[in-house]
Amino acid sequence: MAIDYSQLIPNNVDLSSDRRLQRALENWQPRFLDWWKDMGPDGTSSFDVYLRTAISTDANGWANFGHVKMPDYRWGIFLADRDPDRVIAYGDDKGKPVWQDVPGELRTTLRRLIVTQGDTEPASVEQQRLLGKTAPSLYDLRNLFQINVEEGRHLWAMVYLLHAHFGRDGREEAEAMLERHSGDPDKPRILGAFNEETPDWLSFFMFTFFTDRDGKYQLASLAESGFDPLSRTCRFMLTEEAHHMFVGETGVSRILQRTCELMKEHKTDDVRTLGGIDLPTMQKYLNFHFSVSLDLFGQEASTNAANYYTQGVKGRFLETRIDDDHVLTGTSYEIETVEDGRIVRKSVPALSALNERLRQDYIEDCARGVLRWNKMIEKAGIDFEMKLPHRGFDRRIGGFAGARVSPDGRLLSEAEWAANESKWLPTDEDRAYVTSLMGPAVIEPGKYANWIAPPARGINGQPVDFDYVRFN
Ligand code: BYC
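Residues numbered from 1 in each chain as written. Predicted model: local features only at pLDDT ≥ 70, side-chain atom pairs only at ≥ 80, totals over all residues. Heavy atoms only, no water.

Caption draft 1: View of the site of the ligand. Close to the ligand lie 30 residues, the nearest being Arg112, Gln117, Gln299, Ser302 and Lys314. Here glutamine 117 contributes a side-chain N or O atom positioned 2.6 Å from a nitrogen atom of the ligand. In this structure, a nitrogen atom belonging to the ligand sits 3.2 Å away from a main-chain N or O atom of glycine 192. For the ligand, whose accessible area on its own is 1000 Å², the fraction buried by protein is 82%. Among the secondary structure elements, those contributing two or more residues to the shell around the ligand are helix H2 (107-127), helix H5 (201-222) and helix H8 (303-310). When residues of the shell around the ligand are assigned to their parent elements, the largest contribution, seven residues, is made by H2. Looking at side-chain class alone, the shell around the ligand contains 10 nonpolar, 13 polar and seven charged residues. (Near = heavy atom within 4 Å. Polar contact = N/O pair within 3.5 Å; in protein donor to acceptor, adjacent residues only side chain to side chain. Areas by Shrake-Rupley, 256 points an atom, 1.4 Å probe, with all protein chains shown as cover. Helix = DSSP H or I, 4+ residues; strand = E, 2+ residues; numbered from the N terminus. Nonpolar A, V, L, I, M, F, W, Y, C, P; charged D, E, K, R; others polar.)

Caption draft 2: A look at the sheet that holds strand S1 (residues 48-53). Here we have three strands laid out as an open sheet, ordered S2-S1-S5, and antiparallel in their pairing. With one partner strand each, in any of the chains shown, strand S2 (64-69) and strand S5 (469-470) form the two edges of the open sheet. Looking at chain direction, S1 and S5 are connected through two bridges and run antiparallel. In the sheet register, valine 49 faces S5, and the bridge partner there is valine 469. Its contacts with the sheet put helix H3 (residues 138-165) on S1, S2 and S5, and the angle it makes with S1 is roughly 50°. (Pairing = 2+ DSSP bridges. Contact = heavy atoms within 4.5 Å. Axes fitted to C-alpha atoms, helices over the stretch in contact; angles between N-to-C directions.)

Caption draft 3: Local environment of unusual backbone geometry. Positioned with a positive phi, leucine 328 is a non-glycine residue whose angle comes to about 70°. Its location among the elements puts leucine 328 in the loop between H8 and strand S3 (332-339). According to the relative accessible area criterion, leucine 328 is buried, its value standing at 6%. The phi dihedral of asparagine 472 is positive, around 50°, even though this residue is not glycine. With respect to the element layout, asparagine 472 can be found in the segment after S5. (Buried < 20%, exposed > 50% of the residue type's maximum accessible area, 1.4 Å probe, protein only.)

Caption draft 4: Region of interest: the pairing of S1. Summarising burial for S1: six of the six residues are buried, a large majority. Of the two faces of S1, the one holding Asp48, Tyr50 and Arg52 and the one holding Val49, Leu51 and Thr53 are both buried throughout. Across six bridges, S1 lies against S2 in antiparallel orientation. Bridge pairing in S2 links aspartate 48 to lysine 69.

Caption draft 5: Representation of the pattern of salt bridges within the structure. Within this structure, the stated rule accounts for 39 salt bridges. A salt bridge links arginine 213 to aspartate 365; its shortest N-O distance comes to 3.1 Å. Of this pair, arginine 213 sits in helix H5 while aspartate 365 sits in helix H9 (residues 354-379), and the two are 152 residues apart along the sequence. In this structure arginine 213 comes out as buried when scored by relative accessible area, which is 4%. Arginine 316 is paired through a salt bridge with glutamate 319; the nearest N and O atoms lie 2.7 Å apart. The same class applies to arginine 316 and to glutamate 319, which are both buried. (Salt bridge = Lys/Arg side-chain N within 4 Å of Asp/Glu carboxyl O.)

Listed below in structure tokens is the structure:
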């Protein structure tokens, strides 16, 4: 469906036929732009950036490229096309038509999920605000900005749902989305990972690999929602999410490649003396970002998750492709947790284990990416394997919270943990070293910082030395 760009707020939801909604969103828009100016990528308003903009939501229309100033990016409201025959795929209302309006009894639940989802989008832009100053290349700078504008648009997507379907409460929640800030001691973002800093590009690539991937799994579950407007908006958001994870996976891969090159060329593991990022440090950053992202899936056994499912509000990953009864009463699922000082596996009702099931899907997806990194390392002739730590490692949420678990899944005493923590998680010294590599942005087309290899190819068929960002 084509997007109407003649409107102040580009959209494919026929906004002009609902004057009240249109006015409410036009009221919110300047606040969003003020937020972008104050909290978005710092000092970039005059840059022309080679961005992808959606002009329609079908396969051909969502990837139109050209140089654009970010404040002029056409943020708007784009929902995937409506399937008039779509029915609820699971839960108590399985088989009934999906809802076009919010059922009264689900109002609070749906609002809470939409607000939680929406809150992460501007949070990530805030976390990445200063990264442009130390970009390792024009290509990377452009990718950062592409991600930033799309996260901005994902905020628009959730704000539209709040304004269109939740009346006054929705408007207040939309305001609050611009008032909470990542890491703010008084008004923090809702979920833990979104209050962490993204101070350097290694953190950025790990974040886009691990935390954006949580986005993929959460959006895919919400795309199964019986509330059709939420489903349609998440379906379109997912098309954009893929690029964010690509940036993370290839970013980490390019750093690994450069490190391996330095190791081979100089016949040493100590690439720090050569300005590279050593493999053990890469592993520590991986450990940190993986465990922080695992927390985003919530408790292993969760009545919230069971209720979302039974009520038809939030499904499983690729729900309609799963071959079972889609009701799940009477079935069980094995979870791992800590009980009586031991890590145990136990059966719990499948309905209450839906967070854990989604986390498992996520872990398998992460593992596939790590395998690709390891293939690259092996091909470079280096004997080293990157590993996902155990799911209980360094967790803050759920059954492992507070327990001391080693990366290989052993329950430790406080003393054992303290003796090893610096081998497993980035130390202040590691972070200081990585930060020290983040020099002024490399802005000559086709040039790259010393600690990262060039990408295999450019964006949208452009050469790698294309002027992806023009500074004016
Ligand atoms: N931090 O029963 P539980 C993305 C709370 S990322 C803080 O397990 P539930 C993106 C929980 O709220 C995707 N609090 O909860 C990526 C609950 O609070 P109450 C974001 C947490 O509801 C990169 C309590 O603990 N989208 O898009 O089953 C860049 C009990 O827990 C945390 C979504 O998250 C935490 N980590 O599961 C840009 C989808 N975890 O009720 C964007 C919407 C749990 O006691 N959210 N709590 O006050 C949800 O589906 C659910 O809220 C959660 C939690 C899966 C997050």
